[in-house]
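Residue-level structural notes
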Amino acid sequence: MKRILLVVSAALILVAAGCDLFGMEDTRVYVWGNIYEDDLHTVPAQGIGVYVYGDTANVYCYDDFTNADGRFFIEAQIYPNMGGDEEGGFGYNMNENAMFGVEAHHSGDYYMYFDIKNDPLIMEIGDTVRVEDVDLLDFKVH
């Protein structure tokens, strides 16, 4: 019993000191912004779908809808890639950054913040990016 208490106590001390004992470091990125109905950016646009998508190898698609203030906030998880070491071993490795496409959709129209193929948003793990404010007049027809 004393041994278990000693191990648990040591683990708690290391966690309190900031050690990442179990690989639980934050592997997310955050994207947020505002969408308005008018070009003066005075009337928030509610219910606009915004999508953040990756290359599907280590980043999936995430979405959010603008709230009553026209604001969206997307938290995207980045996953490790299959990899190995120089000796041919198997395992996982975590990239330091990831590429994203970001776009908004409303009533058949869209606005492309970042195109993953031609002009991707490249973020490091833990980054928070605020994209430019846009209005529905900036949206294009599909």
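Everything in this summary refers to the structure shown in the same document.

1. Quick word on the overall build of the protein
Helices and strands together make up the secondary structure of the protein, namely 1 helix and 12 strands. Starting at the N terminus, the α and β elements of the protein follow one another as α-β-β-β-β-β-β-β-β-β-β-β-β. Burial analysis of the protein (142 residues in total) assigns 30% to the buried set. Contacts in the protein between residues at least 24 apart in sequence constitute 57% of all its contacts with a sequence separation of at least 6.

2. Quick notes on the pairing of strand 1 (residues 28-36)
Most of strand 1 is tucked away, with 7 of its 9 residues classed as buried. In the sheet, strand 1 pairs with strand 4 (residues 71-77) via 7 bridges, with the strands oriented antiparallel. Residue pairing across strands places R28 opposite Q77, the latter belonging to strand 4. The sheet contact formed by strand 1 and strand 10 (residues 128-130) spans 3 bridges and is parallel. Along strand 10, the bridge assignment pairs W32 with R130.

3. Comments concerning the packing of aromatic side chains
Within the structure shown, the criterion is met by 5 aromatic pairs. Here Y111 and Y113 contribute two aromatic rings whose centre-to-centre distance is 4.9 Å and whose plane-to-plane angle is 80 degrees, an arrangement assigned as edge-to-face. The burial state of Y111 is the same as that of Y113; both residues are buried.

4. Focus on the pattern of salt bridges
According to the stated counting rule, one finds 2 salt bridges in the structure shown. Put simply, R130 and D133 hold a salt bridge, and the shortest N to O gap is 3.1 Å. In this structure R130 comes out as partly exposed when scored by relative accessible area, which is 40%.

5. What about the pairing of strand 8 (residues 109-114)?
Bridge count between strand 7 (residues 97-106) and strand 8: 5 bridges; the pairing is antiparallel. Bridging from a neighbouring strand, E103 pairs with M112 of strand 8. Hairpin connection between strand 7 and strand 8: a loop of 2 residues separates the two successive antiparallel strands, and S107 in this loop has a positive phi of roughly 50 degrees. Pairing analysis gives 2 bridges linking strand 8 to strand 12 (residues 140-141), with the strands arranged antiparallel. Considered in strand 12, the bridge of Y110 is made with K140.

6. Overview of the environment of G108
Relative to the helices and strands, G108 resides in the loop between strand 7 and strand 8. The class for G108 is partly exposed, based on a relative accessible area of 46%. As a C-alpha pair, G108 and V141 span 33 residues in sequence and 6.5 Å in three-dimensional space. Setting aside chain neighbours within four positions, we find G108 in contact with K140, V141 and H142.

The rules behind the values
- Residues numbered from 1 in each chain as written.
- Predicted model: local features only at pLDDT ≥ 70, side-chain atom pairs only at ≥ 80, totals over all residues.
- Heavy atoms only, no water.
- Helix = DSSP H or I, 4+ residues; strand = E, 2+ residues; numbered from the N terminus.
- Buried < 20%, exposed > 50% of the residue type's maximum accessible area, 1.4 Å probe, protein only.
- Contact = heavy atoms within 4.5 Å.
- Pairing = 2+ DSSP bridges.
- Phe/Tyr/Trp six-rings, centres within 6.5 Å; stacked < 30°, edge-to-face > 60°.
- Salt bridge = Lys/Arg side-chain N within 4 Å of Asp/Glu carboxyl O.

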